[in-house]
Amino acid sequence: MSVKETGVSYYGLSYPEHAEKDFREMINHNCNAVILALSEFDIDFWFPNIIRVASVAKDLGLKVYLDTWGIGKWFGGEPPSNFLTNNVKNRQVSAFTDEALPAACFNTRAFRDYFFGICEKLARNVDADGFFWDEPHYALPKSYASITGGPGDDWSCRCPVCQRLFEERYGYAMPRVMTKEVIAFREDNALDILKTASEMIKSIRPASKIVCCVHATINTYYVKENRGYDDWEKVCKVDAFDVFSTTILNYSLPLSYFKSITQRTVDVAKKYGKGSQRWLMDYYNEPENLDDIKKIVHLYDEMGVESLFGWTYRGGYGTSLAAPRALEMWDVLGEAYGEVLGN
Ligand SMILES: [Zn+2]
């Protein structure tokens, strides 16, 4: 019906000849796309083989997206950050305690230059179809109804750079409470770095598709989360983004939540002329009956989602976040993909 693209994320990619076997397994699981999850260490240390791994995937007919995974701990993900290891400053700061947090402040010149450098290097050298902005967020977000983080009132970033930028814009000191101006300031800056990076990537490789994937959260009149990317309309207004994507949901959540997140994702994407993407959990948490994964895949297809991705290849098999029945889960996901692509 609506699904045209199916895939999984893939990490720990180091040798093209081994990756080739994995890509063939993905194709046998009815994937036609792959997201290469690249940590800062991968991009720094394994760069020659990233180029080769991407080209192997392309040669096999897969669409290839590059995921700046966990970079600066601004994007979602488990990998450590070279930037944080190599820089004692440029960190996000808690508004309530003034303590530095283990996350880079992406409003600082140092981190922006670092990130743009990574994007330029990838865009120039890696023959990929696009980039995937993976759950970007400020540290310490509110996170009701999410599998990541916990609810709280503290927020970031109130570092000296953010305070100076805020004061330049509004003419008064940055408050410690989350006012409307603070929300707007945070959101505008959070989008500016991604917009700038996306435009730069397209200037180098014009056919690049940019997918922006935000947390799948409630964000209604009553509950507003504060990751900086919570206003989906505002995210979709960025011209340089081609696909609007919302992240995985834990299978313990009610089906009505899967429906409402997906409806809102498809609606806002359509309103702004973007493609739509929904994610499926394929690691850590699994439904009691694995066939429920198929129900959700069909639901997304019926609701008009164009691209489906699972995190991650083989259900996270072999990692500390593997699903209990990781390989079975991966097989069921593959079958579900085949069913909707067959439509
Ligand atoms: Zn800051």
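Residues numbered from 1 in each chain as written. Predicted model: local features only at pLDDT ≥ 70, side-chain atom pairs only at ≥ 80, totals over all residues. Heavy atoms only, no water.

**Student:** Help me understand the nonpolar core in this model?
**Tutor:** Buried together is how nonpolar side chains tend to be arranged in soluble globular proteins. In terms of nonpolar packing, the biggest core is built from 113 residues, with Phe23, Leu36, Phe115 and Trp133 touching the most fellow members. Looking at this core, the element that brings in the most residues is helix H7 (residues 180-204), giving 9 residues. Non-local contacts of Phe115, meaning those with residues more than four positions away in its chain, are made with Thr68, Ile71, Trp74, Phe75, Trp133, Ile193, Leu194 and Ala197. (Core = buried A, V, L, I, M, F, W, Y, C linked by side-chain atoms within 4.5 Å. Buried < 20%, exposed > 50% of the residue type's maximum accessible area, 1.4 Å probe, protein only. Helix = DSSP H or I, 4+ residues; strand = E, 2+ residues; numbered from the N terminus. Contact = heavy atoms within 4.5 Å.)

**Student:** In this structure, what is going on with the packing of helix H10 (residues 292-302) against helix H11 (residues 326-342)? I would like to understand it.
**Tutor:** To characterise two packed helices, one gives the angle between the axes of the helices and the distance between these axes. Running from N to C, H10 and H11 cross one another at 30°; their axes reach a closest spacing of 9 Å. Comparing the axis directions of H10 and H11 gives the class roughly parallel. H10 and H11 meet at a crossing whose hand is right-handed. Residues Ile293, Lys294, Val297, His298 and Asp301 of H10 form the contact with H11, whose own contacting residues are Met329, Val332, Leu333, Glu335, Ala336, Glu339 and Val340. Looking at the contact of H10 with H11 residue by residue, the classes come out as 7 nonpolar, 1 polar and 4 charged. (Axes fitted to C-alpha atoms, helices over the stretch in contact; angles between N-to-C directions. Parallel < 35°, antiparallel > 145°, perpendicular 65-115°, else oblique. Left-handed = near helix turned anticlockwise from the far one by under 90°. Nonpolar A, V, L, I, M, F, W, Y, C, P; charged D, E, K, R; others polar.)

**Student:** Would you mind showing me how to read the confidence of the model for the chain here?
**Tutor:** The predicted coordinates ought not to be read in detail in places where the model reports low pLDDT. This prediction gives the chain a mean pLDDT of 95; 96% of its residues lie at or above 70. Segment residues 143-150: pLDDT under 50, and 21 contacts once partners within four positions in sequence are set aside and those in other chains are kept. (pLDDT = per-residue confidence, 0-100.)

**Student:** Where do I start with the coordination of the zinc ion in this structure?
**Tutor:** All of the protein donors around the zinc ion are Cys105 (SG), Cys157 (SG), Cys159 (SG) and Cys162 (SG); their distances to the metal are 2.2 to 2.4 Å. Bound by 4 donor atoms, the zinc ion shows angles of 102 to 114° at the metal and therefore tetrahedral coordination geometry. Taken in chain order, the donor set of the zinc ion reads C-x51-C-x1-C-x2-C. Overall, Cys159 belongs to the buried group, its relative accessible area being 3%. (Donors = N, O, S within 2.8 Å, 3.2 Å for Na, K, Ca; no water. Tetrahedral: all angles 85-135°; square planar, octahedral: opposite > 155°, others 65-115°.)

**Student:** Explain unusual backbone geometry to me, please; I cannot follow it from the model alone.
**Tutor:** Both trends apply: most residues other than glycine have a negative phi, and most peptide bonds are in trans. Cis geometry marks the peptide bond from Ser156 to Cys157; its omega dihedral reads 15°. That bond from Trp311 to Thr312 is cis: its omega, 25°, falls within 30 degrees of zero. With respect to the helices and strands, the residue Thr312 is situated in the loop between strand S10 (307-311) and H11. Positive phi, normally seen in glycine, also occurs at Tyr284, with a value near 60°.

**Student:** Explain the environment of Phe106 here, please?
**Tutor:** Structurally, Phe106 is set in the loop between strand S5 (100-104) and helix H5 (109-125). For Phe106, a relative accessible area of 1% gives the class buried. Along the sequence, Phe106 and Thr247 sit 141 residues apart, while their C-alpha atoms lie 21 Å from each other. Contacts of Phe106, omitting those with residues within four sequence positions, involve Trp74, Gln92, Phe111, Arg112, His137, Tyr138, Asn189, Ala190, Ile193 and Tyr229.

**Student:** Quick question: what am I supposed to make of the pattern of salt bridges here?
**Tutor:** Side chains bearing opposite charge may pair, as long as their charged atoms lie close to each other. Going through the model one piece at a time under the given rule, you end up with 21 salt bridges. The shortest N-O distance in the salt bridge between Lys58 and Asp129 comes to 2.9 Å. Taken together, the residues span a long stretch of sequence, with Lys58 in helix H3 (residues 47-59) and Asp129 in the loop between H5 and strand S6 (130-134) at a distance of 71 residues. Its relative accessible area of 26% is what places Lys58 among the partly exposed residues. When the shortest N-O distance is used, the salt bridge between Lys271 and Glu233 registers 3.0 Å. Here Lys271, found in helix H9 (residues 255-271), pairs with Glu233, found in helix H8 (residues 232-236); they are 38 residues apart in sequence, far enough to count as distant. Under the relative-accessibility criterion, Lys271 is labelled exposed at 55%. The structure contains a network of salt bridges with shared partners spanning Arg169, Glu187, Asp188 and Lys234. (Salt bridge = Lys/Arg side-chain N within 4 Å of Asp/Glu carboxyl O.)

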